[in-house]
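Structure assessment
Spelled out, the chains give:
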Amino acid sequence: MSVIGILTAGGDCPGLNAVIRSVVTRVGAAGSHEVVGIKNGWQGLMEDDTRPLGQEDVRGIAGTGGTILGTSRMDPYVHGDGFASIRKTLAHNGIDSVIVVGGDGTLRTALHLADEGLKVIGVPKTIDNDIAATDVSFGFDTAVQIATDAIDRLKTTAESHNRVMLCEVMGRTKGWIAVHAGLAAGADAILIPEHQMPLEEVAQVIRSRHRRGRRYSVVVVAEGVRPPRATPPPTDAFGFDRLGGVAYQIAPELEALTGFETRVTVLGHIQRGGTPTATDRVLATRLGAAAADLALGGGERLMVAVHSTRIEAVPLEAGVAETRGVDAQLFEVARTFFG
Ligand code: F6P
C-alpha cells in the first residue's frame, strides 16, 4: 500500500493534533494509503524516526495541545546532509509523499526538498498568523483568546493600583496577536513591528487618559518590536533568535515619561500551550482533510490555504513569500480606542 508521511516542525501550535487526526482519518477512509508519523519535524526524516499512525493513535486528540509527533527546529540543510538521509528514510518506509505542517521557515525547507524531488503538501501553521497566501492560520485564535483573557485580568489589578501594565505577546515580525487581543480587550495602546508608535506618543495617550480620571492603562507589546536599546537576542540550540522580554526595556522608559508605576507581564509560551479553541480545531481539521485529499490525489509542491470561507490549494512558493503584516485598516480601527 502507498504511504503518506506527516510531520510537524518549528514552534508548536494549538491545533497540530487536530491536523494529524484529520489526515489519518481521511486517509484511512480512502482505504488506498497508510499514514506514517515522522517524529520531531525534519529530524525524524533525517534519522529515520517514524511510527505508523492508525485510527486508534489519533482518537480523541483534536482537543489536545502540542503535537503527538513532537517537533523541532532541526533543518536538513543546516544541521544535516540535505536530501541524502531523507531519501533513505523515504525509501526505507516506502513513503511516497509527505504532509508538512509548519511555519514559513519549515515551508521554505519543504520547497528546497521539493526541488530535489520530495513530494510535499504544506499545511501552514503559526500562532503569529503571518504566513503569506492564507487569510488565517490555526493556533492564532487560541493565542488571541489567551492573550485577551490575560489583558482583561491585568486591567482589574492595574486599576486597583493606578498602574500602567505592559502585556507582551508573541509575534516575531508581525503584530496580529497584539492587535486582535488589544482590540478585543480594549488596550490603551498597541505596539507592533509594522506600525511602531513612538514611546512619547504612547506616554501622551496615557497621561491624557489618567488626567481624565482613569486609574489604569494597558499597553500591548508584540515581542518583535524594536527594542529601545538594540542588543542581539540570544539564540536557541538551532541558532534561532529567542525573543521575549522587550517590554522590560520599554517599561522604565514609559514610567519615566508618564510618572506612573509601570509593570510588565510577558505571556510567552502560555499563548501556545493547552487546548485549541473550537475555531482552531475546526480550521485545523479542514486543512488536514484538504491536505490528505491532495496527497491521496498525487498532488505535490502545494500548500492548503484559507481564502475567505474556502480551503484551497496554492503553490508552495506562495506560502514562503514575504510574511503577511497587520493591515493598516485594522490597525486604524484599533487606534480609535487608544487612551
Ligand atoms: O513563530 C511562532 C512563535 O510562537 C513566535 O511567536 C515566537 O517568537 C517563537 O515561535 C518562539 O519559539 P520557541 O518556542 O522556539 O522559542
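Residues numbered from 1 in each chain as written. Predicted model: local features only at pLDDT ≥ 70, side-chain atom pairs only at ≥ 80, totals over all residues. Heavy atoms only, no water.

Remarks on the overall build of the protein chain
So the rule is basically this: Each helix is a run of H or I in the DSSP string that is no shorter than four residues. Each strand is a run of E no shorter than two, and both are numbered from the N terminus. Burial here depends on accessible area, computed with a 1.4 Å probe over protein chains only, as a share of the maximum for the residue type. Under 20% is buried, over 50% is exposed, and the range in between is partly exposed. Residue contacts are defined here by distance: any two heavy atoms, one from each residue, within 4.5 Å place the two residues in contact. Under the convention used here, a 1.4 Å probe and the Shrake-Rupley method define accessible areas, while residue burial counts only the protein chains that appear.
Along its length, the protein chain carries 13 helices and eleven strands. In terms of principal-axis extent, the alpha carbons of the protein chain reach across some 70 × 35 × 30 Å. When each of the 339 residues of the protein chain is scored for burial, the buried share is 53%. A separation of at least 24 residues holds for 74% of the contacts in the protein chain among residues at least 6 apart in sequence. Entry remark: accessible area of the protein chain is about 13,800 Å², with carbon and sulfur atoms responsible for 51%.

Points about the site of the ligand
Just so we agree on the cut-off: Near is defined per residue: the residue qualifies when any heavy atom it owns lies within 4 Å of the molecule or strand. We define a polar contact as two N or O atoms separated by no more than 3.5 Å, with the added condition that, inside protein, one atom must be a possible hydrogen donor and the other a possible acceptor, whereas residues neighbouring each other in sequence contribute only through side-chain atom pairs. Whether a set of points on the 1 Å grid over the protein atoms alone is a cavity depends on a 1.4 Å probe fitting there but being unable to get out, while an open set qualifies as a pocket with protein on both sides within 12 Å along at least five of seven lines; lining residues are those with an atom within 4 Å of a point. Any molecule with more than half of its atoms within 2 Å of a cavity's or pocket's grid points is counted as sitting in it. The nonpolar class holds Ala, Val, Leu, Ile, Met, Phe, Trp, Tyr, Cys and Pro. Asp, Glu, Lys and Arg form the charged class, and all remaining residues, Gly among them, are polar.
Neighbouring the ligand are Arg73, Thr126, Ile127, Asp128, Met170, Gly171, Arg172, Glu223, His269 and Arg272. In this structure, Arg73 approaches the ligand through a side-chain N or O atom, which is 2.8 Å from an oxygen atom. Take Asp128: an N or O atom from its side chain is 2.7 Å from an oxygen atom of the ligand. With the chains in place, 82% of the 390 Å² that the ligand exposes on its own is no longer accessible. According to the grid-proximity analysis, the pocket containing the ligand is the largest pocket. Of the residues contributing to the shell around the ligand, the split by class is two nonpolar, three polar and five charged.

Focus: the sheet that holds strand S4 (residues 95-102)
Whenever strands of a sheet pair, they do so through backbone hydrogen bonds, lying parallel or antiparallel. Here is the rule: DSSP calls a pair of strands paired once it identifies at least 2 bridges connecting them. Lines fitted to C-alpha atoms define the axes here, with helix axes fitted over just the stretch in contact, and angles between the N-to-C directions of these axes take values from 0 to 180 degrees.
Strand order in the open sheet formed by seven strands is S3-S2-S1-S4-S5-S10-S11, and the pairing between neighbours is mixed. Either end of the sheet is taken by a strand with one partner, and the two such strands are strand S3 (50-53) and strand S11 (310-315). Strand-to-strand twist across the sheet, computed as the mean angle between neighbouring axes with direction ignored, equals 30 degrees. In the sheet, strand S2 (residues 33-38) pairs with S3 via four bridges, with the strands oriented antiparallel.

Some words on the domain arrangement of the protein chain
What counts is decided by this rule: Here the limits of each domain have been adopted from an automatic or database domain assignment. Throughout, buried area stands for the accessible area (probe radius 1.4 Å) lost by two parts on being put together, summed over both. Salt bridge, as used here: a side-chain nitrogen of Lys or Arg that lies within 4 Å of a carboxyl oxygen of Asp or Glu.
Domains assigned within the protein chain are domain 1 (2-138 + 276-319) and domain 2 (141-273). With centres defined by C-alpha atoms, the gap from domain 1 to domain 2 works out at 33 Å. Across the boundary between the two partners, domain 1 contributes 15 residues, which contact 16 residues of domain 2. For the domain 1 and domain 2 pair, buried surface summed over both sides reaches about 1,400 Å², with 57% attributable to carbon and sulfur atoms. When the area that domain 1 buries against domain 2 is broken down by residue, the three leading residues are Arg73, Ile127 and Asp128, summing to 42%. Taken together, domain 1 and domain 2 are joined by two salt bridges. One salt bridge connects Asp12 with Arg272, and the closest N-O pair in it is separated by 2.9 Å. When the residues that make up the side of domain 1 that touches domain 2 are grouped by side-chain class, the tally is four nonpolar, six polar and five charged.

Overview of the packing of aromatic side chains
Condition: By convention, a stacked pair of Phe, Tyr or Trp rings (six-membered ring in the case of Trp) has centres within 6.5 Å and planes under 30 degrees apart, an edge-to-face pair has planes over 60 apart, and any other such pair is tilted. A ring has a charge above it when a Lys NZ or an Arg CZ is no more than 6 Å from the ring centre and no more than 35 degrees off the ring normal.
Inspection of every chain in the model, using the stated rule, returns one aromatic pair. For the pair Phe331 and Phe338, a centre-to-centre distance of 6.2 Å together with 75 degrees between the ring planes defines the contact as edge-to-face. Phe338 carries the same exposure label as Phe331, and that label is buried. The residue whose ring lies beneath Arg73 is Phe240, and the NZ or CZ to ring-centre distance is 3.7 Å. Positioned over the ring face of Tyr216 is Arg209, at 4.7 Å from the centre of the ring.

Looking at the layout of surface pockets
Rolling a probe over the atoms, with the probe sized like a water molecule, indicates the empty space that remains. For the record, the criterion: Grid points are joined across faces, edges and corners, and a volume is the space filled by probe spheres set on the points.
Computed from the structure, the largest pocket encloses a volume of approximately 1,000 Å³. What lines the largest pocket is a set of 42 residues, and nearest its centre among them are Gly10, Gly11, Arg73, Arg172 and Phe240. It is helix H6 (residues 104-115) that provides the largest number of residues to the lining of the largest pocket, a total of five residues. In terms of residue class, the lining of the largest pocket is made up of twelve nonpolar, 15 polar and 15 charged. Its boundaries defined by the atoms lining it, the second largest pocket holds a volume of some 270 Å³. In terms of residue class, the lining of the second largest pocket is built from seven nonpolar, five polar and two charged.

As for the sheet that holds strand S8 (residues 217-222)
Within the open sheet, the four strands sit side by side as S7-S8-S6-S9. Their pairing is parallel. On the outer flanks of this sheet lie strand S7 (189-191) and strand S9 (262-266), each paired with one strand and no other. Sheet twist, expressed as the mean angle between neighbouring strand axes with direction ignored, is 20 degrees. Across five bridges, the pairing between strand S6 (residues 164-169) and S9 is parallel. Bridging from a neighbouring strand, Glu168 pairs with Val266 of S9. Contacting S6, S7 and S8, helix H8 (residues 176-185) crosses the sheet at an angle of about 170 degrees to S7. Sheet contacts for helix H9 (residues 199-211): S6, S7 and S8; angle to S8, the most-contacted strand, approximately 160 degrees.

A look at the pairing of S2
Condition: Throughout, right-handed denotes a crossover for which the path from the first strand over the helix to the second runs clockwise when the strands point away from the viewer.
Along S2, five of the six residues are buried, which leaves the element largely enclosed by surrounding structure. In the sheet, strand S1 (residues 2-8) pairs with S2 via five bridges, with the strands oriented parallel. Its bridge partner being in S2, Ser2 is matched across the sheet by His33. Each parallel crossover has a hand, and for S1 linked through helix H1 (residues 16-30) to S2 it is right-handed.

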